[in-house]
Amino acid sequence: MKAIEINAKWNPKTEFKLGSKDIEGKLTYLGSKVWRNPIVKVVDKKKPQIKPNEVLIKVRRCGICGSDVHMNQTYDDGYIYYPGLTAFPVTLGHEFSGEIVEVGDHALNKRTGKLYEIGEPVTVEEMVWCGECKPCCDGFPNHCERLQEIGFSIDGAFSEYLSVPAKLCWSLKKLENRYEDIYKIGSLVEPTSVAYNAVIERGGGIKPGENVIILGAGPIGLAASKILKTAGASVCIISEPEETRANLAKKMGADYVINPIRENFTEKVKEYTDNEGAALYLEATGLPEKVTDDIQNTIWECKNVNSTIVVVARAEQRMPVCGEYLQVRRARIVGAQGHSGHGTFPNVISCMAAGMDVTPMITKEITLEKVPENLKLLQTDKVNCKISAIISK
């Protein structure tokens, strides 16, 4: 079967020290400190064999994530942008949906309580949690001590078939009566769940009538705007300099868009919120060294206290935090990773079934073979938002 594989050279930086969970020459939790000169290509692989607790999925759709782009994008010295868990070589792709074509003897469907049936449409969590370590048993699967990640450390969904544990699968049948193509919107459950985990679970959500501010109109920022407007946000502001994405932000629920290059971010927030500011700020740019001051200055100058800053974008650069601003304004910063647990996937699917349509973020559709060139394109192209590969029909 055809698959899109990434490989790179294991070449640790001088300051890198092998961690307790790293594997020399194979796996690291600090990708940007280790992997150099990545290569992405179309390869032929054997069709996966399933274990008793697994299902085999015929992949229908898989979207290109910013993480996919950053695993293939390098700094001047050749090291990859992506700072997280990685094991190469690996098949890329984790934002996907597909049809179950083979079922293991212990592969239970959470929807029915019985074995999965052939033909069930599903989407899949990317975080492969063990369910046995302390974080998992404490209810925090996104922080599993034995974590593997589909498309990062184990083979992903830019392939014709993929085997996964049944516990990670969620049925898309609830979407059948509302959407003509459930696999299209089904491939957006994963990124939408990342946004949901950030603003609802980690950020604590909002009360209807509160204001929210999102920095970055990429897929996570756009999905967050849709979620927060659905949750009752009074004013949703997105900061985004790229005009095409700014226009898309309006379609996805933003009431106002700020161009932070041409406009004064804090003054515009004060104008749009009658000096109130916001209850929640989402950092979804991956540029903490550039946007943190805007967030802090706005919290400092606006009336709202108890604001929450949620950091969801992955970046190794540090945030220039001023403790005085946070203390006086009773603000807090929280980190968000992943999408598993806390009812996130089923809640997102239910929101979609109720009409929360996030498909406008898909701006281009391609074939599997076109993935490598579009990974390159997205390193510089800010016009497209979500590029979706149609792998089978």
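Residues numbered from 1 in each chain as written. Predicted model: local features only at pLDDT ≥ 70, side-chain atom pairs only at ≥ 80, totals over all residues. Heavy atoms only, no water.

### A word on the overall build of the chain
- Across its full length, the chain holds eleven helices and 20 strands.
- Whereas a compact globule of 393 residues would reach a radius of gyration of roughly 21 Å, the chain reaches 21 Å, a difference of no more than 12%.
- With the C-alpha coordinates aligned to their principal axes, the bounding extent of the chain is approximately 60 × 55 × 40 Å.
- Out of the 393 residues belonging to the chain, those deemed buried represent 55%.
- Within the chain, contacts between residues at least 6 apart in sequence are counted, and of these 75% link residues at least 24 apart.
- Total accessible area on the chain stands at roughly 16900 Å², and carbon and sulfur atoms take up 47% of it.
- Of the charged side chains in the chain, 49 are positive and 50 negative, and the gap between their average positions amounts to 2 Å. (Helix = DSSP H or I, 4+ residues; strand = E, 2+ residues; numbered from the N terminus. Rg over C-alpha atoms; globule rule 2.2 N^0.38 Å. Buried < 20%, exposed > 50% of the residue type's maximum accessible area, 1.4 Å probe, protein only. Contact = heavy atoms within 4.5 Å. Areas by Shrake-Rupley, 256 points an atom, 1.4 Å probe, with all protein chains shown as cover. Lys, Arg positive; Asp, Glu negative; His and termini not counted. Charge placed at Lys NZ, Arg CZ, Asp CG, Glu CD.)

### A closer look at the nonpolar core
- In terms of nonpolar packing, the biggest core is built from 49 residues, with Leu 175, Leu 222, Leu 282 and Met 352 touching the most fellow members.
- Looking at this core, the elements that each hand over two or more residues are α3 (182–186), α4 (189–202), β13 (212–215), α5 (219–230), β14 (236–239), α6 (243–251), β16 (280–283) and α10 (344–353).
- Considering each element in turn, this core owes the most residues, six residues, to α4.
- The residues contacting Leu 222, other than those within four sequence positions of it, are Ala 217, Ile 238, Leu 248, Ala 249, Met 252, Met 361 and Cys 385.
- Counting 44 residues, the second largest nonpolar core, distinct from the first, contains Ile 57, Val 59, Tyr 116 and Leu 162. (Core = buried A, V, L, I, M, F, W, Y, C linked by side-chain atoms within 4.5 Å.)

### As for the packing of aromatic side chains
- For the structure on display, the rule yields seven aromatic pairs.
- Plain terms: the ring middles of Trp 10 and Trp 35 are 5.2 Å apart, the flat faces sit at 85 degrees to each other, and that makes the pair edge-to-face. Of the two residues, Trp 10 is situated in strand β1 (residues 2–10) and Trp 35 in strand β3 (residues 35–44); the sequence distance between them amounts to 25 residues.
- With a centroid separation of 4.7 Å and 40 degrees between ring planes, the pair formed by Trp 35 and Phe 88 is classed as tilted. Residue Trp 35 is found in strand β3, and its partner Phe 88 is found in the loop between β5 (86–87) and β6 (90–91); the two are separated by 53 residues along the sequence. By the burial criterion, Trp 35 is buried, and Phe 88 matches it.
- Cation over ring: Lys 13 sits above Tyr 79, and NZ or CZ is 4.9 Å from the ring centre. (Phe/Tyr/Trp six-rings, centres within 6.5 Å; stacked < 30°, edge-to-face > 60°. Lys NZ or Arg CZ within 6 Å of the ring centre and 35° of its normal.)

### Quick word on helix α8 (residues 288–301)
- Helix length check: α8, at 14 residues, gives a terminal C-alpha distance of 20 Å against a target of 20 Å (1.5 Å per residue), a fit within 8%.
- When α8 is considered as a whole, its buried residues turn out to be Pro 288, Val 291, Thr 292, Ile 295, Gln 296, Thr 298 and Ile 299. The arc enclosing the buried residues of α8, seen along the axis, measures out at 160 degrees, which places them on a common side.
- Packing partners of the buried residues in α8 comprise β13, α7 (265–273), β16, β17 (308–311) and α9 (323–328). (Expected span 1.5 Å × (residues − 1). Arc of directions from axis to C-beta.)

### As for the pairing of β16
- Covered by surrounding structure in β16 are Leu 280 and Leu 282 together with Tyr 281 and Glu 283, the residues of both alternating faces.
- As paired strands, β13 and β16 are joined by four bridges and run parallel to one another. Bridging from a neighbouring strand, Leu 215 pairs with Glu 283 of β16.
- Two elements, β16 and β17, share four bridges in a ladder whose sense is parallel. Looking across to β17, one finds that Glu 283 is bridged to Val 311.
- One crossover worth recording links β16 to the parallel β17 by way of α8, and it is right-handed. (Pairing = 2+ DSSP bridges. Right-handed = clockwise from strand over helix to strand, strands pointing away.)

### Things to note about the pairing of strand β19 (residues 362–366)
- Pairing geometry for β19 and strand β20 (residues 386–390), over four bridges, is parallel. Bridge pairing in β20 places Ile 366 opposite Ala 389.
- This β-α-β element, β19 to helix α11 (residues 371–377) to β20, shows right-handed connectivity.

### Concerning the sheet that holds β6
- Within the open sheet, the three strands sit side by side as β3-β1-β6. Their pairing is antiparallel. At either end of the open sheet lies a strand with only one pairing partner, and these are β3 and β6.
- Across two bridges, the pairing between β1 and β6 is antiparallel. Its bridge partner lying in β6, Glu 5 is registered against Thr 91.

### Notes on the sheet that holds β16
- Read from one edge to the other, the open sheet built from six strands follows the order β15-β14-β13-β16-β17-β18, with strand pairing classed as parallel. What marks the edges here is a single partner per strand, and that holds for β15 (256–258) and β18 (332–335). The mean angle between the axes of side-by-side strands here comes to 20 degrees, regardless of whether they run parallel or antiparallel.
- Direction of pairing for β14 relative to β15: parallel, over a ladder of three bridges. Within the sheet, the bridge partner assigned to Ile 238 lies in β15 and is Val 257. (Axes fitted to C-alpha atoms, helices over the stretch in contact; angles between N-to-C directions.)

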